[in-house]
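A look at the structure
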Amino acid sequence: MFTPAAIALITTTAIASAVEVVEAFTIVLAMGLTRSWRAAIVGTLAAFAALALVTFVIGVTLKDLVSESVLQLVIGTLLLIFGLQWLRKAILRSSGLKALHDEDETFREEQAAARAAGRETRMGLDWFAFVVSFKGVFLEGLEVVFIVITFGLAAMNSDTARVENGMWYAAGGAVLAAVIVLTAGAVAHKPLSAVPENTMKYAVGLLLATFGTYWTAEGIGYFSPTGDSLHWYGAGDIPWPILGIFIAWLVLSRIAVSGLRQLPAARTALAARETAGAGLKPIVAGTATAT
Amino acid sequence: MGFITGFFRFWYDFVVGDAWDIAAGIVVVLILGGLLARADVLAEQQLTLLIGAGIVAVVGCSLFFEAQRRAKAAG
């Protein structure tokens, strides 16, 4: 039941999803404390319902109505666009060309917006708090859905570490992340800024970009005369191509960071960040960043 | 009308975000990859490698232009 591969799947999905849950929690907390807990909670529950519906529709469509190559192409392309955005942001943040994500600052901005917004009541709810909570949870939740689909499908299709019902285990990992973050948040009663979000986003960006590259290229086979998925060099029982693509993205992203750090604008920003003590937490000795 | 605009705006922000050049570049790589696959002129392993290289090039170009933009903005 809980094989080592299943436990690894749950852990990976939980870590990746935790970043999104922390961001959603910050928004809901700001709305609850500043405007109305009732509206914030109803907005959150409405977003959960909408997410369940979207996931069900996407799941049924992809599982029953399309071929393997189309599935790979559609999911791979979305993952790729999505993962590369994360990776690009992480590279820019790490090089100093973009400010680090700061949960405390986001919280302050959300609270300021909540205080400035007018009062409008609809269906007995503070409409601003409801809408902002709904949008925040739905947006971050959609990213969790992508993470669950990616890791779940990858585990189900793995030749060496196959996890039967991998999608359920992946979904379990996301739920576990939500429980841990919400419990920690309820105890702390403030934004969870101690979570190394920037580093985690970089890691998840690398993973999404890796699977996105792998699947998109395989899915292009849909357009070939046979319509079958293409295969990478070294494809077989051990997923060498996935490992190779991951290493390639890791190396390329570190080269990009080193290159961009040489720019005067980046040097100035990094120096200012260091002076301000902007929470730099080295990932590895010598790489003073929290991407 | 507002709902439809908002609906598409939401999905655009979600999928494309602030890096439209990456989304556009990926679409170009997909179109070229699809044409090459249809033409059946390369071995599948060569084609996957070429698509991978194309994706890397898209990210590289996006970062290059972003760096240039920020360098210009910084004066």
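Report on the accompanying structure. (Residues numbered from 1 in each chain as written. Chains lettered and ligands numbered in written order. Predicted model: local features only at pLDDT ≥ 70, side-chain atom pairs only at ≥ 80, totals over all residues. Heavy atoms only, no water.)

As for the overall build of chain B
As a reminder of what qualifies: Numbered from the N terminus, helices here are DSSP runs of H or I no shorter than four residues, and strands are runs of E no shorter than two. Any residue under 20% of the maximum accessible area for its type is buried, any over 50% is exposed, and the rest in between are partly exposed; the area is computed with a 1.4 Å probe on protein chains only. Per-residue accessibility takes into account occlusion by the displayed protein chains alone, with areas from the Shrake-Rupley method and a 1.4 Å probe.
Looking only at helices and strands, one finds 3 helices and 0 strands in chain B. Reading the helices (α) and strands (β) of chain B from amino to carboxyl end gives α-α-α. The C-alpha extent of chain B, read off along each of the three principal axes, is 45 × 40 × 15 Å. The burial tally for chain B puts 35% of its 75 residues in the buried class. Carbon and sulfur atoms form 72% of the exposed surface of chain B, whose accessible area is close to 4,600 Å².

With respect to the interface of chain B and chain A
The cut-off we apply is this: The contact rule is simple, with two residues in contact once any of their heavy atoms fall within 4.5 Å. As a working definition, buried area equals the accessible area (1.4 Å probe) given up by two parts on being put together, with both sides summed. Salt bridges, as used here, are contacts in which a Lys or Arg side-chain nitrogen is within 4 Å of a carboxyl oxygen on Asp or Glu. The classification used treats Ala, Val, Leu, Ile, Met, Phe, Trp, Tyr, Cys and Pro as nonpolar, Asp, Glu, Lys and Arg as charged, and all other residues, Gly among them, as polar.
In this complex, chain B contributes 34 residues to the contact, which on the side of chain A involves 37 residues. Summed over both partners, the interface of chain B with chain A buries about 3,300 Å², with 78% contributed by carbon and sulfur atoms. Among the residues of chain B in contact with chain A, F14, T48 and L63 of chain B are the three that bury the most area, contributing 19% of the side total. With a closest N to O distance of 2.9 Å, E66 of chain B and R88 of chain A form a salt bridge. Listing elements by their share of the side of chain B that touches chain A, those giving two or more residues are α1 (2-15), α2 (20-39) and α3 (44-73) of chain B. Broken down by element, the residue count for the side of chain B that touches chain A peaks at 16 residues, all from α3 of chain B. A per-class count over the side of chain B that touches chain A returns 20 nonpolar, 8 polar and 6 charged.

Re α1 of chain B
All names here are of chain B. Put simply, the rule reads: Take the residue count of a helix, subtract one, and multiply by 1.5 Å to get its expected span. What the arc describes is the spread of directions from the helix axis to the C-beta atoms.
An ideal rise of 1.5 Å per residue puts 20 Å on 14 residues; α1 measures up with 20 Å between its terminal C-alpha atoms. All buried positions along α1 are accounted for by F10, F14 and V15. One side of α1 carries all its buried residues, which in axial view fall inside an arc of 115°. Along α1, exposed side chains directed more than 90 degrees from the buried face belong to G2, F8 and R9. Count one or two residues on from α1 and you reach G17, which has phi positive near 65°.

Let's talk about the packing of aromatic side chains
Residues and elements named next belong to chain A. As a reminder, the rule being used: Two aromatic rings from Phe, Tyr or Trp, using only the six-membered ring of Trp, form a pair when their centres are within 6.5 Å; if the ring planes differ by under 30 degrees the pair is stacked, by over 60 it is edge-to-face, and anything between is tilted.
Taken as a whole, this structure holds 8 aromatic pairs over all chains when the rule is applied. When the centroid spacing of 6.4 Å and the interplanar angle of 10° are considered together, the rings of Y214 and W232 count as stacked. Taken together, the positions of Y214 in helix α7 (residues 197-219) and W232 in the loop between α7 and α8 (240-260) put the pair 18 residues apart, joining distant regions of the chain. The two residues Y214 and W232 agree in class, both being buried.

Quick word on the pattern of salt bridges
Scanning the model with the defined rule gives 5 salt bridges over all chains in all. Within the structure, one salt-bridge network assembled from shared partners comprises R88 of chain A together with E66 and R69 of chain B.

Side note on the nonpolar core
For clarity, the threshold we go by: As used in this record, nonpolar core signifies buried Ala, Val, Leu, Ile, Met, Phe, Trp, Tyr and Cys residues forming a set joined through side-chain atoms within 4.5 Å.
Ranked by internal contacts, the top residues of the largest apolar core, which has 99 residues, are L84, L87 and W249 of chain A together with I26 and I55 of chain B. For this core, the element with the highest residue contribution is helix α5 (residues 127-157) of chain A, accounting for 17 residues. Filtering out sequence-adjacent residues up to four positions away, I26 of chain B remains in contact with T77, L80, I81 and L84 of chain A together with I55 and V58 of chain B.

Describing the environment of M200 of chain A
Residue and element names in this part refer to chain A. Within the secondary structure, M200 sits in helix α7. For M200, a relative accessible area of 16% puts it in the buried group. For M200 and V19, which are 181 residues apart along the polypeptide, the C-alpha to C-alpha distance reads 6.9 Å.

A look at a nonpolar patch on the surface
Our working rule: Patches draw on residues past 30% relative accessible area with no salt bridge. Two like charges within 9 Å are joined, as are two nonpolar side chains (Val, Leu, Ile, Met, Phe, Trp, Tyr) within 5 Å.
A grouping of W240, L243, I247, V251, L252 and I255 of chain A is seen on the molecular surface, where their side chains present a nonpolar patch of about 560 Å² in accessible area. Relative to the helices and strands, I255 of chain A resides in helix α8.

A short note on helix α6 (residues 166-188) of chain A
Residue and element names in this part refer to chain A. In a regular helix each residue adds 1.5 Å, so 23 residues correspond to 33 Å; α6 covers 33 Å between its end C-alpha atoms and thus fits that length. Within α6, burial applies to G166, Y169, A170, G173, A174, A177, V181 and G185. Downstream of α6 by one or two residues, H189 has phi in the positive range, about 55°.

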